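One letter stands for each residue in the lines below.
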Amino acid sequence: MNSRLSINALTQPLVTQLLKEAEKLRLLVEKPHCTVIDAGINTAGSIQAGLRIAEICMGGLGHVQLVNTGQGAWSWQVQVNTSNPVLACLGSQYAGWSLSHEKFYALGSGAGRILAQKEPLFAELGLTDNATNTTLVLEVDKIPPQAIIDKIVQDCRLPSAEALTLILTPTRSLAGCVQIVARVLEVAMHKVHTLHFPLERVIDGMGSAPLPPPAKDFVTAMGRTNDAILFGGQVQLFVTGDDSDAKQLAEQLPSSASRDYGKPFAEIFKDYQYDFFKIDPMLFSPAQVIVTALDSGRSFRAGQIDNQGLAVSFGE
């Protein structure tokens, strides 16, 4: 899975453009040491900012847009596609870097992860990068303390804090909702990895999920953004290999294959005493999937959209 593509190099023009249009996108930019882009803590942010940030999360290898399907009660969908699903989704977009200091905690997404190499995934895939500046997206509602900034700079082996850009997207914000729902393909790819399907056989992918309304508190917002994918997410993967493998993958991928499927995510979270790690990891996947076997041209479909589940979760 070695790649000559540098997601840091591909991301940088997107970050530069985001900074240029910060005021138009209702973003706040501060430079205490590194560059901090606030997309919803002390500013309203915007849906358009969320779309841009989602593409940054994907390491410049994905296209994210808002479309109206004209179907269902929640017809506005966040749509994503990439020709490099392993590198874009697992190598960059996946929120896999755990950062904590005292009462601050966040998971990092984006190109900075590949520099830090803190996750076994990078050694497994043979993914490296030698960039001297980077960007990390944090789903958080407070400015990171200096200790976190220092840790990121050190772990990414950056020359100084000036080489780091942090983008902050609270879950309950407009931008936060968009960039989380834009992970619909990423959660599918993560489950593909969990199911031990050979990642090199996943050639292309696309997905969509309804854009939920923001919520007034973190738990409700987290519930809605997760349910957008679990109840309303759709993904199509294009894979090589035998039809039987493609069929089995399709049957295992949907969220309905999980023992915890059925209730709004916020209720499941509460049932497990707000312990995220007690939830069945197989739950985190799209509602409906299509796996297309490129060698034969056959497609295999599994799962279904749950409009009632969406209505309950979204407060309709």
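Treat the numbers as computed from the prediction; the structure is a model and nothing was measured.

**Some details on the sheet that holds strand β1 (residues 28-30)**
So, point 1. Spatial strand order, β1-β2-β8-β7-β6-β5: six strands in an open sheet with mixed pairing. Across the chains shown, the open sheet's two edge strands, defined by having one partner strand only, are β1 and β5 (97-101). Sheet twist, expressed as the average angle between the axes of neighbouring strands with direction ignored, equals 25°.
So, point 2. Contacts between helix α2 (residues 47-57) and the sheet are confined to β6 (104-109), β7 (134-138) and β8 (164-168), with β7 contributing the most and set at about 120° to the helix.

**A closer look at the pattern of salt bridges**
Close approach of charged atoms allows side chains of opposite charge to pair.
So, point 1. One pass over the full model with this rule turns up 11 salt bridges.
So, point 2. Across the pair Arg52 and Glu21 runs a salt bridge whose closest N-O atoms are separated by 2.9 Å. Pair noted here: Arg52 is in helix α2 and Glu21 is in the loop between α1 (7-20) and β1, with a separation of 31 residues, a long-range link.
So, point 3. By relative accessible area, which is 14% here, Glu21 ends up buried.
So, point 4. With a shortest N-O distance of 3.6 Å, Asp243 and Arg298 are connected by a salt bridge. On the criterion of sequence distance, the pair formed by Asp243 in helix α10 (residues 243-252) and Arg298 in the loop between β11 (288-293) and β12 (299-303) is long-range, its members being 55 residues apart.
So, point 5. Overall, Asp243 belongs to the partly exposed group, its relative accessible area being 21%.
So, point 6. It is possible to trace a salt-bridge network through shared partners that takes in Glu21, Lys24 and Arg52.

**Notes on the pairing of strand β9 (residues 202-210)**
So, point 1. Pairing of strand β4 (residues 76-82) with β9 involves six bridges; the strand directions are antiparallel. Looking at β9, one finds that Val78 is bridged to Ala209.
So, point 2. Pairing between β9 and strand β10 (residues 234-239): six bridges, direction antiparallel. Considered in β10, the bridge of Gly205 is made with Leu237.

Procedures and definitions
Residues numbered from 1 in each chain as written. Predicted model: local features only at pLDDT ≥ 70, side-chain atom pairs only at ≥ 80, totals over all residues. Heavy atoms only, no water. Pairing = 2+ DSSP bridges. Helix = DSSP H or I, 4+ residues; strand = E, 2+ residues; numbered from the N terminus. Axes fitted to C-alpha atoms, helices over the stretch in contact; angles between N-to-C directions. Contact = heavy atoms within 4.5 Å. Salt bridge = Lys/Arg side-chain N within 4 Å of Asp/Glu carboxyl O. Buried < 20%, exposed > 50% of the residue type's maximum accessible area, 1.4 Å probe, protein only.

Honestly, it's all geometry; don't read function into it.
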